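Each chain, written out:
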Amino acid sequence: MTVCRDCCCGSLRKHPSTDHDAQLGALRAGLEPDHRVRVSQCLDVCAQSNVVVVQPDPAARRAGAKPVWFGLVHDDAVLGDLMTWVRAGGPGVAPIPAVLELSVITPPLAARP
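Structure report, in brief. Given the structure is predicted, the values throughout are model-derived calculations rather than measurements.

Turning our attention to the overall build of the chain. Secondary structure summary: the chain contains four helices and five strands in total. For the chain, the succession of helices and strands along the chain, N to C, is β-α-β-β-α-β-α-α-β. Against the compact-globule benchmark of 13 Å for 113 residues, the chain has a radius of gyration of 13 Å, which places it among compact chains. In terms of principal-axis extent, the alpha carbons of the chain reach across some 40 × 30 × 25 Å. Put simply, the chain has 113 residues, and 42% of those count as buried. In the chain, of all internal contacts separated by at least 6 residues, the share reaching a separation of at least 24 is 64%. Summed over its atoms, the accessible surface of the chain is roughly 6300 Å², and 55% of this surface lies on carbon and sulfur atoms. Considering the chain, the positive charge centre built from 11 side chains and the negative charge centre built from 11 side chains are found 8 Å apart.

With that out of the way, let us pick up the packing of helix H1 (residues 20-31) against helix H3 (residues 76-87). Packing of H1 against H3 brings their axes to within 10 Å, and their N-to-C directions diverge by 25°. Considering their axes alone, H1 and H3 lie roughly parallel with respect to each other. As H1 packs across H3, the resulting crossing turns out to be right-handed. Contacts between H1 and H3 pair Gln 23, Ala 26, Leu 27, Gly 30 and Leu 31 from the former with Leu 79, Met 83, Val 86 and Arg 87 from the latter. Tallied by class, residues from the contact of H1 with H3 come to six nonpolar, two polar and one charged.

What counts and what doesn't
- Residues numbered from 1 in each chain as written.
- Predicted model: local features only at pLDDT ≥ 70, side-chain atom pairs only at ≥ 80, totals over all residues.
- Heavy atoms only, no water.
- Helix = DSSP H or I, 4+ residues; strand = E, 2+ residues; numbered from the N terminus.
- Rg over C-alpha atoms; globule rule 2.2 N^0.38 Å.
- Buried < 20%, exposed > 50% of the residue type's maximum accessible area, 1.4 Å probe, protein only.
- Contact = heavy atoms within 4.5 Å.
- Areas by Shrake-Rupley, 256 points an atom, 1.4 Å probe, with all protein chains shown as cover.
- Lys, Arg positive; Asp, Glu negative; His and termini not counted.
- Charge placed at Lys NZ, Arg CZ, Asp CG, Glu CD.
- Axes fitted to C-alpha atoms, helices over the stretch in contact; angles between N-to-C directions.
- Parallel < 35°, antiparallel > 145°, perpendicular 65-115°, else oblique.
- Left-handed = near helix turned anticlockwise from the far one by under 90°.
- Nonpolar A, V, L, I, M, F, W, Y, C, P; charged D, E, K, R; others polar.

Just distances and angles here, no functional claims.
Rendered as structure tokens:
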């Protein structure tokens, strides 16, 4: 999982009611060590901040699964749903729950296959 934390994502100025450090801490506590959580600089979808990208596991990637991009990730319920889906297998293994479909965004051109 890649969590954008740069110019807009993670910005208290842009999202003053979101506890960005707590979000990152919750993801790490809920997913590591079985799933890697890393922080990235700008992923170029600032209008959709906060952005999280879930990568498929190696076997799912070999089978054709692609990363899934989520935007406007501001609340604990979305984080909880993301963690549940990742623990269930994530892209290419577990279907995206309908509630998470609402947060799926199109990646920027540079990130598309």
